[in-house]
Amino acid sequence: MSVGDGTPRSVDETTRLRRSPDVAARVIEDHVVLLHARSGVSVALNRTAGIVWDMLDGSPVGDVLDDIVSVSGAARPDVAAQVLGVLHELSQGGFLDEPAPR
Amino acid sequence: MTTLGFLVLEHGFTVSSRSARLLGEVQLVLASFQVEGEPPGTRYELVVGPEGRVKTDFGLLIDGVWLSGSGDPAHCLDYMLWHVNKRALGQATREVVVHAGAVRSPEGGAVILPAISGSGKSTLVAGLVTAGYDYLSDEAARIDPRTGAVRSFAKALSLKQGSPQRLRVGPAGRGADADEWHVTAEELRPGSTADGAERVRAVIFPRYRAEGDTRTTQLTRVEACVEMTRHLLNRPTVGAAMALEAIDRATQGATCWRLDFGDLDEAVAAVNRLVEQSPS
């Protein structure tokens, strides 16, 4: 796994992540359901994880955390622990990739 | 050599054979898909040896290429039907196809039963049809992505060895020793073949467990949608977005359940109860 081949390394605050173009997302009730077009793997994100999903545009994960903390007022270490865990799972499932360096 | 033409969804094909018995079985299974003439598409040939081309008693050629041979004609026929299903369902472009049994409840509305092979869905569909439900499919729920309605895929049911329904119905001896045995919905209950589009009333994921207790568990619609994506048959063809849209629309207003069962009569009774709890 390396930057540029589309597969994320281990996720930390410097990692740039974006939603994989191979993934379809649909809001169903209070969840966002993701379906990977090639692997067929699917997952349901709860409301909070769905908000994080929408924010993944290739910016560093640290910026995403800052935005969430500023809106929610929650403690940054708590937000980081939760969000990094979700992002790790999503990247392992192939739902995220890293944009190639510009 | 006799040749029959069929159109299964968007998959046109012909089946040729010198064996009236084999062609008769093909007609039985695919009766609702037979068309006049010979549509362009795949050419299946069920060969009865010896014809100089085969070393076994029976063989299957697809577009002139030898695919399968066996001493048992049922094996060649089953292989051909598997190929037809794979092509027709996997390459359907206008509908989203879920591997599922499907019936229409007596009060209206479809009950779909998504499951992998071996989960007992064909046997459960046969039991439900016998109990008064109309037959849509034992293989595929065809979902219109714009409306979420389900259409029939009414090939003959394929019942495996040990299916209780297999022991109850049909003319004795017709493929009685085959691994898979084909029976039409009309043989189960005359007038039971449904047509048209049906809104989904209940989604039930059946799971047969030999000797197991019958147990139902309610699922959220989100859980059911995620589970249904695992039974998609044409995701690579229609794409993930269309598949999700269809599943979302199909499940709107439906109740969703998991059904573990080890006894067919108990399972049918359980489905009746679940359908009664679902909006008509």
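Our subject in this report is the structure included herewith. This structure is a prediction, so every number in the text was calculated from the model and none was measured. (Residues numbered from 1 in each chain as written. Chains lettered and ligands numbered in written order. Predicted model: local features only at pLDDT ≥ 70, side-chain atom pairs only at ≥ 80, totals over all residues. Heavy atoms only, no water.)

### Looking at the nonpolar core
Phase 1 of the analysis: Ranked by size, the top nonpolar core spans 34 residues in total, and within it Ile112(B), Val203(B) and Met228(B) carry the most contacts.
Phase 2 of the analysis: Those elements giving two or more residues to this core turn out to be strand 2 (23–28) and strand 3 (31–36) of chain A together with strand 7 (96–104), strand 8 (110–114), strand 10 (140–143), strand 15 (200–208), helix 6 (221–229) and helix 8 (240–251) of chain B.
Phase 3 of the analysis: The element best represented in this core is helix 8 of chain B, accounting for 6 residues.
Phase 4 of the analysis: Residues in contact with Met228(B), not counting those within four places in the same chain, are Val98(B), Ile112(B), Pro114(B), Ile143(B), Val203(B), Phe205(B), Ile247(B) and Thr251(B). (Core = buried A, V, L, I, M, F, W, Y, C linked by side-chain atoms within 4.5 Å. Buried < 20%, exposed > 50% of the residue type's maximum accessible area, 1.4 Å probe, protein only. Helix = DSSP H or I, 4+ residues; strand = E, 2+ residues; numbered from the N terminus. Contact = heavy atoms within 4.5 Å.)

### Here we look at the side chain of His36(A)
Phase 1 of the analysis: With respect to the secondary-structure elements, His36(A) resides in strand 3.
Phase 2 of the analysis: Within the local environment of His36(A), its side chain forms a polar contact with the backbone nitrogen of Arg38(A), the two atoms lying 3.2 Å apart.
Phase 3 of the analysis: Filtering out sequence-adjacent residues up to four positions away, His36(A) remains in contact with Ser20(A), Asp22(A), Val23(A), Val41(A), Gly93(A), Gly94(A), Phe95(A) and Arg235(B). (Polar contact = N/O pair within 3.5 Å; in protein donor to acceptor, adjacent residues only side chain to side chain.)

### Things to note about the layout of surface pockets
Residue and element names in this part refer to chain B.
Phase 1 of the analysis: In this model, the largest pocket occupies a volume close to 910 Å³.
Phase 2 of the analysis: If you go around the largest pocket, you meet 38 residues; those closest to its centre are Ser117, Gly118, Ser122, Lys160 and Glu180.
Phase 3 of the analysis: Breaking the lining of the largest pocket down by element, the ones donating at least two residues are helix 2 (73–90), helix 3 (121–130), strand 12 (157–160) and strand 13 (180–183).
Phase 4 of the analysis: The leading source of residues in the lining of the largest pocket is helix 2, at 9 residues. (1 Å grid on protein atoms, 1.4 Å probe; cavity = no way out; pocket = protein on both sides within 12 Å on 5 of 7 lines; lining within 4 Å. Points joined across faces, edges and corners; volume = space filled by probe spheres on them.)

### Topic: the packing of aromatic side chains
Phase 1 of the analysis: A complete count under the given rule lists 5 aromatic pairs over all chains for this structure.
Phase 2 of the analysis: Among the aromatic residues, ring-to-ring pairing joins Phe6(B), Phe13(B) and Tyr44(B) into one connected group. (Phe/Tyr/Trp six-rings, centres within 6.5 Å; stacked < 30°, edge-to-face > 60°.)

### As for the interface of chain B and chain A
Phase 1 of the analysis: Taken together, the contact pairs 15 residues of chain B with 17 residues of chain A.
Phase 2 of the analysis: For the pair chain B and chain A, the two sides together bury roughly 1,300 Å², of which 65% comes from carbon and sulfur.
Phase 3 of the analysis: Contact with chain A buries area across many residues of chain B, yet Val222(B), Arg235(B) and Leu244(B) alone supply 43% of it, more than any other trio.
Phase 4 of the analysis: Counting across the interface, chain B meets chain A through 2 salt bridges.
Phase 5 of the analysis: If you list the elements that add at least two residues to the side of chain B that touches chain A, you get helix 6 and helix 8 of chain B. (Buried area = accessible area lost by both parts, 1.4 Å probe. Salt bridge = Lys/Arg side-chain N within 4 Å of Asp/Glu carboxyl O.)

### Notes on the environment of Phe205(B)
Residue and element names in this part refer to chain B.
Phase 1 of the analysis: Mapping Phe205 onto the fold places it in strand 15.
Phase 2 of the analysis: Once the C-alpha coordinates of Phe205 and Leu22 are considered, the two residues, 183 residues apart in sequence, prove to be 34 Å apart.
Phase 3 of the analysis: Ignoring anything within four residues of it in the chain, the contact list for Phe205 reads Pro114, Leu219, Ala224, Glu227, Met228, His231, Trp257, Arg258 and Leu259.

### Some details on the sheet that holds strand 4 (residues 42–45) of chain A
Residues and elements named next belong to chain A.
Phase 1 of the analysis: Ordered in space as 2-3-4, the 3 strands form an open sheet in which the pairing is antiparallel. Edge positions in the sheet fall to strand 2 and strand 4, since each of these pairs with one other strand and no more. Here the strands of the sheet are splayed against their neighbours by 20° on average, with no regard to which way each runs.
Phase 2 of the analysis: Across 4 bridges, the pairing between strand 3 and strand 4 is antiparallel. Note that in strand 4 the partner of Val33 across the bridge is Ala44.
Phase 3 of the analysis: Across the face of the sheet, helix 1 (residues 47–55) comes into contact with strand 2, strand 3 and strand 4 while running at roughly 110° to strand 4. (Pairing = 2+ DSSP bridges. Axes fitted to C-alpha atoms, helices over the stretch in contact; angles between N-to-C directions.)

### A look at the sheet that holds strand 1 (residues 16–19) of chain A
Phase 1 of the analysis: As summarised here, the arrangement of the 3 strands in space is 5-1-6 (chain A), forming an open sheet in which the pairing is antiparallel. Of all the strands in the sheet, just strand 5 (57–60) and strand 6 (96–97) of chain A have a single pairing partner and so form its edges.

### Focus: helix 1 (residues 20–30) of chain B
Residue and element names in this part refer to chain B.
Phase 1 of the analysis: Taken together, the buried positions of helix 1 are occupied by Leu22, Leu23, Glu25, Val26, Val29 and Leu30. Here the buried residues of helix 1 occupy an arc of 155° about the axis, which is enough to place them on one side. Opposite the buried face of helix 1, by more than 90 degrees, sit the exposed residues Ala20 and Arg21. (Arc of directions from axis to C-beta.)

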